[in-house]
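Close look at the chain arrangement
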Amino acid sequence: MYSIIVVPPPTTEDEPARTQYRLAPGERLAFGRSVPEGGLRIGHDGVSRRAGEIAAHGTFWTLSNLSAHQTYVVENPEGAGEHIKVAPGRLDAPVPFEFSRIVLPAAGDLLPVEVWAPRHDYLREEDGTDGEPTAPAFSVDRTKRYFAVLAALCEPRLRGSPHAPLPTTDQVVERLRPAWPAASRTSVQWNIDYLAVKLRLKPGPETAEPGPRLNGKKESLVSLALRFDLVREDDLVVLAAPSGRALR
């Protein structure tokens, strides 16, 4: 049974019916401008004749970069900017994403090769363990207003624009109005400051020492939240007014 699906870059003449390549564990797919029969041919002058190779494994896949000078980027479209770089000549770099986009720089163009991998295996919840439970690394309550503020800050990058500028405080206020009609610049800024302390980006007022203010506070909050999945795309429902329930 195949374990990954590879979808080639779109072309003007073949856009409606892009061929999909299905690979079973242990199989490999060469790609480039000139590849053996059965490989993925990419007809672009900016792509190397032997550009690379994709290898399927049971729960992941690897990418070999066979070009001499060009770095490839593998993006996680669902990860709000999460990516890995595969240097020229690197062989069998493991890719952990379930849905990936290989970006091939090609003479001014960026050609996407999509790879759909199987869902990952996860450890089942432990049963019958002794002792106290492990304290969570970050404790957030998704019913609180501070989480809605954090979700509003993360929304542009969770919607598929990993490098989108962060919303201003006024834009956050407007975005929160459906679920929090009384939102204001003051209340939103208070929650941003609270998040910076809660997520340990800066010390609390009782222990803080005099010194310069934390610069890039919103950027630091969003970076932390997205890196550790504190806010996911599914969490953006908190920005809509729930029937019969308001944020606390």
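What counts and how
- Residues numbered from 1 in each chain as written.
- Predicted model: local features only at pLDDT ≥ 70, side-chain atom pairs only at ≥ 80, totals over all residues.
- Heavy atoms only, no water.
- Pairing = 2+ DSSP bridges.
- Helix = DSSP H or I, 4+ residues; strand = E, 2+ residues; numbered from the N terminus.
- Expected span 1.5 Å × (residues − 1).
- Bend = angle between axes of the 7 residues up to and from the residue.
- Buried < 20%, exposed > 50% of the residue type's maximum accessible area, 1.4 Å probe, protein only.
- Contact = heavy atoms within 4.5 Å.
- Phe/Tyr/Trp six-rings, centres within 6.5 Å; stacked < 30°, edge-to-face > 60°.
- Axes fitted to C-alpha atoms, helices over the stretch in contact; angles between N-to-C directions.
- Parallel < 35°, antiparallel > 145°, perpendicular 65-115°, else oblique.
- Left-handed = near helix turned anticlockwise from the far one by under 90°.
- Nonpolar A, V, L, I, M, F, W, Y, C, P; charged D, E, K, R; others polar.

Strand order in the open sheet made by the 5 strands is β4-β3-β5-β6-β9, with mixed pairing throughout. Here the strands that pair on one side only, and so sit at the sheet edges, are β4 (40-41) and β9 (93-95). Where strand β3 (residues 28-32) and β4 come together, 2 bridges link them in parallel fashion. The residue bridging G32 from the neighbouring strand is R41, located in β4.

Next up on the list: helix α1 (residues 145-158). With 14 residues, α1 should reach 20 Å at 1.5 Å per residue; the first-to-last C-alpha distance of 19 Å fits that figure. Taken as a whole, α1 carries its principal kink of about 30° at A152; the proline P156 stands between one and four residues after it. Within α1, 12 of the 14 residues are buried, which leaves the element mostly enclosed by the surrounding structure. Along α1, the residues that are buried comprise Y146, F147, A148, V149, L150, A151, A152, L153, C154, E155, R157 and L158. For α1, the secondary structure elements touched by its buried residues are α2 (169-176), α3 (185-198) and α4 (217-227). At the C-terminal side of α1, G160 shows a positive phi close to 105°.

Bringing the packing of aromatic side chains into the picture now. Two numbers describe a pair of aromatic rings. These are the distance of the centres and the angle of the planes. Summed over the entire model, instances satisfying the criterion amount to 4 aromatic pairs. Residues F31 and Y72 carry aromatic rings whose centres are separated by 6.4 Å and whose planes lie at 45° to one another, so their mutual orientation is tilted. Taken as a pair, F31 in strand β3 and Y72 in strand β7 (residues 72-75) lie far apart in primary sequence, 41 residues in all. The same class applies to F31 as to Y72, namely buried.

To continue, consider the packing of α2 against α3. Two elements in contact, α2 and α3, have axes separated by 9 Å at closest approach and are oriented at 105°. Regarding the angle of α2 to α3, the classification is roughly perpendicular. For the pair formed by α2 and α3, the contact residues are T169, D170, V172, V173 and L176 on the first element and R185, V188 and Q189 on the second.

Turning our attention to the pairing of strand β6 (residues 61-65). Within β6, 5 of the 5 residues are buried, leaving the element largely enclosed by the surrounding structure. Along β6, one buried face is formed by W61, L63 and N65 and the opposite face, lined by T62 and S64, is buried too. Sheet topology places strand β5 (residues 52-56) next to β6; 5 bridges connect them, and they run antiparallel. Following the sheet pairing, A56 is matched in β6 by W61. Hairpin connection from β5 to β6: 4 residues lie between these consecutive antiparallel strands. The sheet contact formed by β6 and β9 spans 3 bridges and is antiparallel. Residue pairing across strands places T62 opposite P94, the latter belonging to β9.

Moving on, we come to the packing of α3 against α4. Put simply, α3 and α4 touch, their axes get as near as 10 Å, and they point 60° apart. Here α3 lies oblique to α4, going by the angle between them. Of the two elements, α3 crosses α4, and the hand of that crossing is left-handed. For the pair α3 and α4, contact is made by Q189, I192, D193, L195 and A196 and by K217, K218 and L221, respectively. Its residues placed into classes, the contact of α3 with α4 shows 4 nonpolar, 1 polar and 3 charged.

Right, let's talk about the sheet that holds strand β11 (residues 109-116) for a bit. Taken in spatial order, the 6 strands make up an open sheet running β2-β1-β11-β10-β7-β8, and their pairing is antiparallel. Across the chains shown, the open sheet's two edge strands, defined by having one partner strand only, are β2 (21-23) and β8 (83-86). Each neighbouring strand pair of the sheet contributes to a mean axis angle of 25°, computed without reference to strand direction.

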